[in-house]
Amino acid sequence: MAISDDIIDKVERKILDTSRLRERMDDDYALWNLKAYEGMEAGYEVFTSNEPKTFARKAIAILGGASMTIRCPQNNDPREGREQDNAKEQFAIGNLKSNDERLVRMGMVPLRRAMSFHLLIRGYTAGRCVLSKREGRVWADATPWDPREVTWEYGSEGLAWLCRRYAVIRMAVEDEWKLPRSDKSMEDQVLMVYDYYDEEKNIVVIPDAKDTPVKNERHGMTDGYGIPRVPGWVIANPLQPPVQSVDLTTGGSFESSQLGDMLADYGESIFSEDREIWETHNFNMSVMKNLVSRSLKPVFGIRSRDGVKLVEGDPFRSGAEIPLADGEELIVYDFLRSAPDLIPYMTVVQGEMQRGAFPVIMHGETPAAISGFAMSLLKSGPADKILSAAEAEELAIKSITNMWCDQFVSGAFGQGGMQLSGQGGNRKWFVASITPDMIRELPELEITLRPQLPEDDAAKIQLANALRTPGPTGVPLMSDYDIRESYLDRQDSDQDMDTILQEMSSMHPLVQAHRFADALAKRGDEGAQCWQA
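Visitor: Pulling in residues and values, what's your account of the overall build of the chain?
Guide: Each helix and strand in the chain was counted, giving 18 helices and 14 strands. Among the 533 residues that make up the chain, the fraction classed as buried is 37%. Long-range pairs, those at least 24 residues apart, make up 67% of the contacts in the chain with a sequence separation of at least 6. Put simply, the chain shows about 30,700 Å² of open surface, and 52% of that area lies on carbon and sulfur atoms.

Encoded structure:
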């Protein structure tokens, strides 16, 4: 079998086996887009709640805005060793920044924003991760893909292969891959592209192209031991481990699609707990909407001798006149009312909705007078909804940055280094030139994401002050350095300490005298001579 046919057959079979997962992704995306509720018969009013999107938007904002700390474990390294560790941290920070700029230029969103959306709405994050080189220029490439378009297979050591199958118009394909121009009538034809990666090669297959594969190259990605690896990542929202639900004890036959079904539950989206509840809520509110709408135009009838009397226009419009002959009568029937149990039932449903999503207080509502303690307790609700996705995003960014480091120190991109800039967790700007020798033989990077609310900063500062307060023996519980590293999540604690010492030294009388003299001299004031003396 030709290599192109082999890839297409492998990918299409995998798509078929994971059809339930992709159906679930489509259903969740419909919730995100607030697809109109379809549970009512034609002619009736329909209510579609905005709860799925407001809930997801808040969750994406919390996860996407989480504080990220990139740290190379320093243990008890001396100051010189810690500076080398800082260089590896700057390598990751600078490349993540330049990669975001590249994604924005391509019309995409920054890496972490895309990861947050995919993990919460799709339940997975996936993409390609390589270092690229062209005409002496080296740049980092971490391109997030929509997991709906991605197929993959795991081996004993991780990803065995990864492929993105996506549709694009023929003209764009011909421009990107420098293919011969087709007839003008075919320029808008949609083609399928298979961008395939295994442990050795990147192969791009376009079935409708004359010469395919259009790309068949070695990508050169290896791990820290020089073993080839797939240059990409596929990480699920780890709310639960993969669970095989196929019964193997009965001796019955089963298909590969049944094994693929377990992926639909592994890597769940943030909507998992409320999908059915929102369906019920939309039905209840649609019933209420119909009852309310009937109060505007209630059901009426006209009693007449022949029974065919009709009313012209709207009899309930303000100022409407209805001519009635002797013996004719306009009858307005009583309003339809809901069953007495509907309101208590809706209250139960809304309580279930809140338990599966965020409490309304997260959106600025206080449904009742509650204490500050109860309010703080309710605000802590988002933690269990976000933490599993934050763990997956940590793993994805760790995988990306460590793959970049492994490829960089391999020497395949020269020894000249990369000129990088960025902003660390301490909001200090840096510009650095990083060479492979500077980050070789250092521990793997550790990534920490901390979703937090504004009041969390005050709590961290209060805890830090308590930890550095001397105890009964006059010794604090922890050193300032460890507090900054472990509790305040500062990116470069050494730089923070240098800044503090600089500010402390500026208060010394000799330093102040020198600054006074310098300021007066710049102004041309003769008083500068007194300070210089």
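So, next bit.
Visitor: Tell me what's going on with helix α10 (residues 342-356), and back it up with residues and numbers.
Guide: Between its first and last C-alpha atoms α10 spans 21 Å; for 15 residues at 1.5 Å apiece the expected length is 21 Å, and the two agree. When we look at burial in α10, the residues that qualify are L342, M346, V349, M353 and G356. All buried residues of α10 fall inside an arc of 80° around its axis, so they share one side. Along α10, exposed side chains directed more than 90 degrees from the buried face belong to V348 and R355. Buried residues in α10 make contact with α3 (51-64), α9 (275-296) and α12 (383-409).

Visitor: Tell me about the pattern of salt bridges, and name the residues and values.
Guide: Overall, the coordinates contain 20 salt bridges when judged by the stated rule. Its salt-bridge partner being D141, residue R102 comes within 2.7 Å of it at the nearest N-O pair. Here R102 is found in helix α4 (residues 79-105), whereas its partner D141 is found in strand β3 (residues 137-145), with 39 residues between them in sequence. Like R102, the residue D141 is buried in the burial classification.

Visitor: Which residues make up the layout of surface pockets, and what are the values?
Guide: Roughly 1,300 Å³ of volume is contained in the largest pocket. By residue number, the principal contributor to the lining of the largest pocket is β3, which donates eight residues. Its residues placed into classes, the lining of the largest pocket shows 23 nonpolar, nine polar and 17 charged.

Visitor: Before we move on, could you go through the sheet that holds strand β2 (residues 124-134) and cite the residues and values that matter?
Guide: Taken together, three strands build an open sheet; the order of strands is β3-β2-β9 and the sheet is antiparallel. Edge positions in the sheet fall to β3 and β9 (232-236), since each has one partner strand and no second. Averaged over all neighbouring strand pairs, the angle between strand axes comes to 15°, with direction disregarded. Across nine bridges, β2 lies against β3 in antiparallel orientation. Bridge pairing links C129 to A142 in β3. Packing against the sheet, α12 makes contact with β2, β3 and β9, and its axis sits at approximately 20° to β2.

Visitor: Lay out the nonpolar core with the relevant residues and their values.
Guide: By size, the foremost hydrophobic cluster in this structure holds 57 residues, and its most contacted members are F91 and W404. Broken down by element, the residue count for this core peaks at 12 residues, all from α12. With sequence-adjacent residues up to four places away left out, F91 is seen in contact with W404, C405, F408, M418, L420, I434 and I439.

Visitor: Mind laying out the sheet that holds strand β5 (residues 158-169), listing which residues take part and the relevant values?
Guide: Read from one edge of the open sheet, five strands run β4-β5-β6-β7-β8, paired in antiparallel fashion. The open sheet has two free edges, formed respectively by β4 (150-155) and β8 (215-218), since each of these has just one partner strand. When strand polarity is set aside, the average angle formed by the axes of neighbouring strands in this sheet is 10°. Pairing of β5 with strand β6 (residues 190-198), which is carried by nine bridges, proceeds in the antiparallel orientation. The residue of β6 that forms the bridge with W161 is D198. The strands touched by helix α1 (residues 3-17) are β4, β5, β6, β7 (201-205) and β8; relative to β5, the strand with the most contacts, the crossing angle is about 95°. Contacting β5, β6, β7 and β8, helix α6 (residues 170-177) crosses the sheet at an angle of about 125° to β5.

Visitor: I'd like a rundown of a positive patch on the surface, residues and numbers included.
Guide: Where like charges cluster on the molecular surface, the positive patch consists of R105, R134, R137 and K178. Of note, R137 is situated in strand β3. Residue classification places R137 among the partly exposed positions, given a relative accessible area of 49%.

Visitor: Explain the packing of α3 against α12 residue by residue, including any values.
Guide: α12 packs onto α3 with a crossing angle of 45° between their chain directions and a minimal axis gap of 10 Å. By the angle between their axes, α3 is oblique relative to α12. For the crossing formed where α3 meets α12, the hand is right-handed. Facing A59, I62 and L63 of α3, the residues of α12 in contact are I386, A389, A390 and E393. Among the residues making up the contact of α3 with α12, the classes are represented as six nonpolar, no polar and one charged.

Visitor: How would you explain α9 if you had to name every residue and give the values?
Guide: For α9, spanning 22 residues, the distance from its first C-alpha to its last is 32 Å, which sits close to the expected 32 Å at 1.5 Å a residue. Of all the residues in α9, the buried ones are W278, H281, N282, N284, S286 and N290. Contact partners of the buried residues in α9: α2 (19-32), α3 and α10.

Rules and cut-offs
Residues numbered from 1 in each chain as written. Predicted model: local features only at pLDDT ≥ 70, side-chain atom pairs only at ≥ 80, totals over all residues. Heavy atoms only, no water. Helix = DSSP H or I, 4+ residues; strand = E, 2+ residues; numbered from the N terminus. Buried < 20%, exposed > 50% of the residue type's maximum accessible area, 1.4 Å probe, protein only. Contact = heavy atoms within 4.5 Å. Areas by Shrake-Rupley, 256 points an atom, 1.4 Å probe, with all protein chains shown as cover. Expected span 1.5 Å × (residues − 1). Arc of directions from axis to C-beta. Salt bridge = Lys/Arg side-chain N within 4 Å of Asp/Glu carboxyl O. 1 Å grid on protein atoms, 1.4 Å probe; cavity = no way out; pocket = protein on both sides within 12 Å on 5 of 7 lines; lining within 4 Å. Points joined across faces, edges and corners; volume = space filled by probe spheres on them. Nonpolar A, V, L, I, M, F, W, Y, C, P; charged D, E, K, R; others polar. Pairing = 2+ DSSP bridges. Axes fitted to C-alpha atoms, helices over the stretch in contact; angles between N-to-C directions. Core = buried A, V, L, I, M, F, W, Y, C linked by side-chain atoms within 4.5 Å. Patch = residues over 30% accessible without salt bridge, like charges linked within 9 Å, V, L, I, M, F, W, Y side chains within 5 Å. Lys, Arg positive; Asp, Glu negative; His and termini not counted. Charge placed at Lys NZ, Arg CZ, Asp CG, Glu CD. Parallel < 35°, antiparallel > 145°, perpendicular 65-115°, else oblique. Left-handed = near helix turned anticlockwise from the far one by under 90°.

Purely spatial values, then, with no claim about function.
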